[in-house]
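What follows is each chain in one-letter form.
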Amino acid sequence: MQTELGHIEPTAPSCVNGSGRFDDQYDFDNCQRNVENFKSEIESFVDCKLREINEADAEAEQAAEEARSKATEAQDVASTAKNEVERLSSDHSQAVNDFNTRAGN
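These notes cover the structure that comes with them. This is a predicted model, so every value here is computed, not measured.

1. Concerning the packing of aromatic side chains
Right, on to step 1. Counted under the stated rule, the structure contains one aromatic pair.
Right, on to step 2. Ring centres 5.6 Å apart and planes at 80° place the aromatic pair Phe 22 and Phe 28 in the edge-to-face group.
Right, on to step 3. For Phe 22, a relative accessible area of 40% gives the class partly exposed.

Structure (C-alpha cells):
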C-alpha cells in the first residue's frame, strides 16, 4: 500500500517466515539486520502517515473555517434582506395610513 505522500508500506522480511533454525550465523545475522531495517521502515512509514493525518486535519480545519465564514456571510445577507422587507412593509403600511387619512377614511 502506498501513502498519499508516496511512501510504501513496509513488509516483514521473508527470512522470518522460514521453518526451523537458521542454517548458519550469516543467515541469522542477515535476517536480524533485515528485521532491524523493517523496524526503521515502519517508523518512517508511521511518520509519513502522521504527516498525512496532520495535513488532512489542517485541510479539514481550513475548509470548516471557510464554511463558517460563508455561513456568516449568508446570515448577514439574509438579515439585511429581512430588514429591508420589514422596512418596506412598514413603509407600505404608512403609505396606506397616509392615503386613508387624506381620503378621509
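2. Points about the pattern of salt bridges
Proximity of charged atoms lets side chains of opposite charge pair with each other.
Right, on to step 1. A full pass over the atoms with the stated rule returns six salt bridges.
Right, on to step 2. As a salt-bridge pair, Lys 39 and Glu 43 come within 3.8 Å of each other at their nearest N and O atoms. Placement of both Lys 39 and Glu 43 in helix α1 (residues 25-103) is noted, with a separation of four residues, approximately one turn of the helix.
Right, on to step 3. A single network of salt bridges, built from pairs that share partners, joins Glu 61, Glu 65 and Arg 68.

3. Some details on a nonpolar patch on the surface
Right, on to step 1. Taken together, the side chains of Ile 42, Val 46, Leu 50 and Ile 53 make up a nonpolar region of the molecular surface, amounting to roughly 310 Å² of accessible area.
Right, on to step 2. With respect to the secondary-structure elements, Val 46 resides in helix α1.
Right, on to step 3. Taking relative accessible area as the criterion, Val 46 reaches 40% and is therefore assigned partly exposed.

4. Remarks on the layout of surface pockets
Right, on to step 1. Its boundaries defined by the atoms lining it, the largest pocket holds a volume of some 170 Å³.
Right, on to step 2. Every residue along the wall of the largest pocket is listed here: Cys 15, Val 16, Gly 18, Ser 19, Gly 20, Arg 21, Phe 22, Asp 23, Asp 27, Asn 30, Cys 31 and Asn 34.
Right, on to step 3. Partitioned by chemical class, the residues of the lining of the largest pocket number four nonpolar, five polar and three charged.

5. Description of the environment of Glu 52
Right, on to step 1. Along the chain, Glu 52 falls in helix α1.
Right, on to step 2. The class of Glu 52 is buried, set by a relative accessible area of 13%.

Rules used throughout
Residues numbered from 1 in each chain as written. Predicted model: local features only at pLDDT ≥ 70, side-chain atom pairs only at ≥ 80, totals over all residues. Heavy atoms only, no water. Phe/Tyr/Trp six-rings, centres within 6.5 Å; stacked < 30°, edge-to-face > 60°. Buried < 20%, exposed > 50% of the residue type's maximum accessible area, 1.4 Å probe, protein only. Salt bridge = Lys/Arg side-chain N within 4 Å of Asp/Glu carboxyl O. Helix = DSSP H or I, 4+ residues; strand = E, 2+ residues; numbered from the N terminus. Patch = residues over 30% accessible without salt bridge, like charges linked within 9 Å, V, L, I, M, F, W, Y side chains within 5 Å. Areas by Shrake-Rupley, 256 points an atom, 1.4 Å probe, with all protein chains shown as cover. 1 Å grid on protein atoms, 1.4 Å probe; cavity = no way out; pocket = protein on both sides within 12 Å on 5 of 7 lines; lining within 4 Å. Points joined across faces, edges and corners; volume = space filled by probe spheres on them. Nonpolar A, V, L, I, M, F, W, Y, C, P; charged D, E, K, R; others polar.

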